[in-house]
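# Chain and residue survey
Here is how the chains run, residue by residue.
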Amino acid sequence: MLKKLGVQLLLAWSLAWTAFGQTPQKNEPEQAGPYGSLVIRGVTIIDGSGAPAFGPADVFVRGNRIARVALTDAITREEEKVEAGGGKRAAPDRVIDGKGMYVMPGIVDLHAHINFNKDVPAEYIYKLYLGHGVTTIRAFNYGEGDPKRMVEEKKKIAANQMIAPRMYVYPFWRGGADPRYSNAEGAKQIVDEWHALGVDGIKILSKPGLWPDVFKAIADEARKNNMGVAVHIAQDGVYPMNAVRVATDGATTIEHHYGYSESSFTNQTIQDLPADYNYSNEADRFLETGRVWLQADLGRLHGDVINSLLDAMHSNGFVMDPTFSIYEANRDVTRAVNLPWHSEYTHPAVMNSFLPNPSHHASYFFEWTSNKEADWARAYRIWMDFVNDYKNQGGIVAVGSDSGFLFSIWGFGTIRELELGDDSRSNGKRREGAAESGVGIDPAGLPGGYGSTNGKSAR
Ligand SMILES: [Zn+2]
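Everything numeric here is computed off the predicted structure, so don't read it as measured data. (Residues numbered from 1 in each chain as written. Predicted model: local features only at pLDDT ≥ 70, side-chain atom pairs only at ≥ 80, totals over all residues.)

## Regarding the overall build of the protein chain
A tally of regular secondary structure across the protein chain gives 17 helices and twelve strands. Looking at the protein chain as a whole, 42% of its 459 residues are labelled buried. In the protein chain, the proportion of contacts linking residues at least 24 apart, taken out of those at least 6 apart, comes to 71%. (Helix = DSSP H or I, 4+ residues; strand = E, 2+ residues; numbered from the N terminus. Buried ≥ 20, exposed ≤ 12 C-beta atoms within 10 Å, placed from the backbone. Contact = placed C-beta atoms within 7 Å.)

This is the structure we're talking about:
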C-alpha cells in the first residue's frame, strides 16, 4: 500500500520510509533543505490543475519555489544548450532522480485533529500525513487545543524545526469561565486577540445560544482579520441554525454533513426522532444523524438549498467540507475494524480508543446492527448525490478527513476522502480536477502562492 502511494509522492518518499521504520537511503538525512538549487530529473508531473500528467520533465527548484519545469525531450535539450550558450551551468546543490516516479502538489487536509497524548506522539500523526503526501493541514486542535500552544507549534513547523505538514490553526470556540465568549462585543475582542496571537481561524461547534448575534460577531470580525470560520453544526443546534443559515451568516466552511437535510424541510421544522432518543447517548446520536437524510425533501435539497449555498460561496467564500470518510464505519463497521493497514500502522493505543467504550468520544459501536448500517448506506447515497450536484453546479468541495476517530487514521483517511469524493459522482459524469476535491486549496488564504490550483481559495 505504502509503496504504491510512494510512487506518486516523490517528495515525501524519504520521509515515508523513515516514518514506517524502513531504512533511509544512505546519506539521506531525515530533514534537509531548502536548497539553493534542487533538480528533480526525469519525473512525470501531475500539476493539480486538472490537466493530464506529462513528462518526463526536470523540475528546477530554488529555495522554496519551483523556478522552472522543462520537458526532457530532445528538442528541449537542444533549446537548453542554445540558451546556455555552450557555457557550463553551476551544478545544483541536490539532484533527485525521478525516473519512473510522479510528482504532484501536496495534498491539503482541511479537517485535522492532532490528538497526541502520553502514548501517541504528535510525530506519529505528522508522519502518517506526510507519508501519504499531505503537506498542509488545517488543525482544530493540537493536544488540548490551547490557542497559544497551537500557534507555537505552527511556528516551529514553519521554521523547519520539525518534520510536519504546514499547519493552519483553528482553535475551538469554547465557553468556560470567560463570559466574553457568549456575548457579541466580547466575542469580537477574543477574535482580535486570537488574530494578534497568529491564529488563522475559529472552529465552532455550534449551540443555539451562539446564534445569531454571537455567531455573526465572530464571523464579521474574522472576515475583517482575514481569518476563517469553520462550523460543525451540532445536532442540538441544527434548528434554527441550519446549514443554509450558517453559510449565509458567514461560515467559511461547514464541516461534516449536519444541517443540510434540515435546510430542505418543507413539511416539518425539526427531524423526526424516536420517542426514547437521547442526544447524550452517542449510539443514538450517530445513528439518527444519518437517518435525517432519509427525511430530506429532495426537490428542495437539489434546488433552493444548493442555490443558497452557491450564493453564500459567491458572497462569503463558503466551502463545503463533507468529511465523507469519517462516517464510513457507520455503514460497514466490519470493514472499518479490519482495514488491512491497522495491524502495521494503527498505534495500539489509538486502536484501543476506537473500540466500543462509553467513556470515549465516537466509540459507540454497541449493538450496531445491519439495519442501522443499511440506513447509513441509504443516507450516504442521498448525501453524496447532493454534494456531487453542488460540485457540478460550481460549488467548491474540500478534502477534510477528521482522522483519528472511528477507525480512520491520519493520512490513510485523507486518501480515502479523495476516493469517496470520486465515488460521489453520479449520472456517469466525469470527475473534475483535483482542485474541486480541495487538493491544493490554500485553507487560510495566506499570501505566498501556496496551494490554489484554480485561483480559488478556501478559508
Ligand atoms: Zn473533527
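Moving on from the coordinates now.
## Side note on the pairing of strand β7 (residues 134–142)
The buried fraction of β7 amounts to nine of the nine residues, a majority that puts the element mostly inside the structure. Where strand β6 (residues 107–114) lies against β7, six bridges are found, and the strand directions are parallel. Across the sheet, isoleucine 114 pairs through a bridge with tyrosine 142, a residue of β7. Note on the crossover from β6 through helix α4 (residues 122–131) to β7: the handedness is right-handed. As paired strands, β7 and strand β8 (residues 166–169) are joined by four bridges and run parallel to one another. In the strand pairing of β8, alanine 139 is matched with valine 169. Remark: the β7/helix α5 (residues 147–158)/β8 crossover connection has right-handed handedness. (Pairing = 2+ DSSP bridges. Right-handed = clockwise from strand over helix to strand, strands pointing away.)

## Some words on the sheet that holds strand β9 (residues 201–205)
Strands sit in the order β9-β10-β11-β12 across an open sheet of four strands; the sheet is parallel. A strand with exactly one partner marks an edge of an open sheet, and here the two such strands are β9 and β12 (319–321). Averaged over all pairs of adjacent strands, the angle between their axes in this sheet comes to 20 degrees, without regard to strand direction. Note that strand β10 (residues 228–232) and strand β11 (residues 253–255) share two bridges and pair parallel. Note that in β11 the partner of alanine 230 across the bridge is threonine 253. (Axes fitted to C-alpha atoms, helices over the stretch in contact; angles between N-to-C directions.)

## Let's talk about the sheet that holds β6
Read from one edge of the open sheet, three strands run β6-β7-β8, paired in parallel fashion. Two strands lie at the open edges of the sheet, namely β6 and β8, each paired on one side alone. Along the sheet, successive strands turn relative to each other by an average axial angle of 30 degrees, direction set aside.

## Some remarks on helix α11 (residues 298–316)
Taking 1.5 Å as the rise per residue, α11 with 19 residues should run 27 Å; its terminal C-alpha atoms sit 25 Å apart, in good agreement. The largest bend along α11 measures about 30 degrees and falls at isoleucine 306. (Expected span 1.5 Å × (residues − 1). Bend = angle between axes of the 7 residues up to and from the residue.)

## Focus on the confidence of the model for the protein chain
Put simply, the protein chain has an average pLDDT of 85, and 82% of its residues get 70 or more. With pLDDT under 50 throughout, residues 1–24 is counted as low confidence; its partners more than four residues away or in other chains account for 41 contacts. The low-confidence segment residues 426–459 (pLDDT under 50) makes 85 contacts with residues lying over four places distant or belonging to another chain. (pLDDT = per-residue confidence, 0-100.)

## Side note on the pairing of β9
β9 sits mainly inside the fold: four of its five residues count as buried. Examined bridge by bridge, β9 and β10 share five bridges and lie parallel to one another. Among the inter-strand pairings, lysine 203 is bridged to a residue of β10, identified as alanine 230.

## Considering the packing of helix α10 (residues 282–291) against helix α16 (residues 370–392)
α16 packs onto α10 with a crossing angle of 40 degrees between their chain directions and a minimal axis gap of 8 Å. Judged on the interaxial angle alone, α16 and α10 are oblique. Judged by the sense of rotation from one axis to the other, the crossing of α10 with α16 is left-handed. Residues Leu287, Gly290 and Arg291 of α10 lie in contact with α16, whose contacting residues are Lys372, Asp375, Trp376 and Ala379. (Parallel < 35°, antiparallel > 145°, perpendicular 65-115°, else oblique. Left-handed = near helix turned anticlockwise from the far one by under 90°.)

## Let's talk about helix α17 (residues 412–423)
An α-helical turn contains 3.6 residues, so any two residues separated by three or four positions project in the same direction. An ideal rise of 1.5 Å per residue puts 16 Å on twelve residues; α17 measures up with 16 Å between its terminal C-alpha atoms. Those residues of α17 not exposed but buried are Phe412, Gly413, Thr414, Arg416, Glu417, Leu418, Leu420 and Gly421. In this structure, the buried residues of α17 make contact with β6 and β7.

## Let's talk about unusual backbone geometry
Of note, the bond from glycine 33 into proline 34 is cis; its omega dihedral lies within 30 degrees of zero at -5 degrees. Mapped onto the elements, proline 34 comes out in the loop between α2 (13–19) and β1 (35–45). Here tyrosine 239 and proline 240 are connected by a cis peptide whose omega angle stands at 5 degrees. Mapped onto the fold, proline 240 is located in the loop between β10 and α8 (243–248). The backbone of histidine 256 sits at a positive phi, close to 65 degrees, despite the residue not being glycine.

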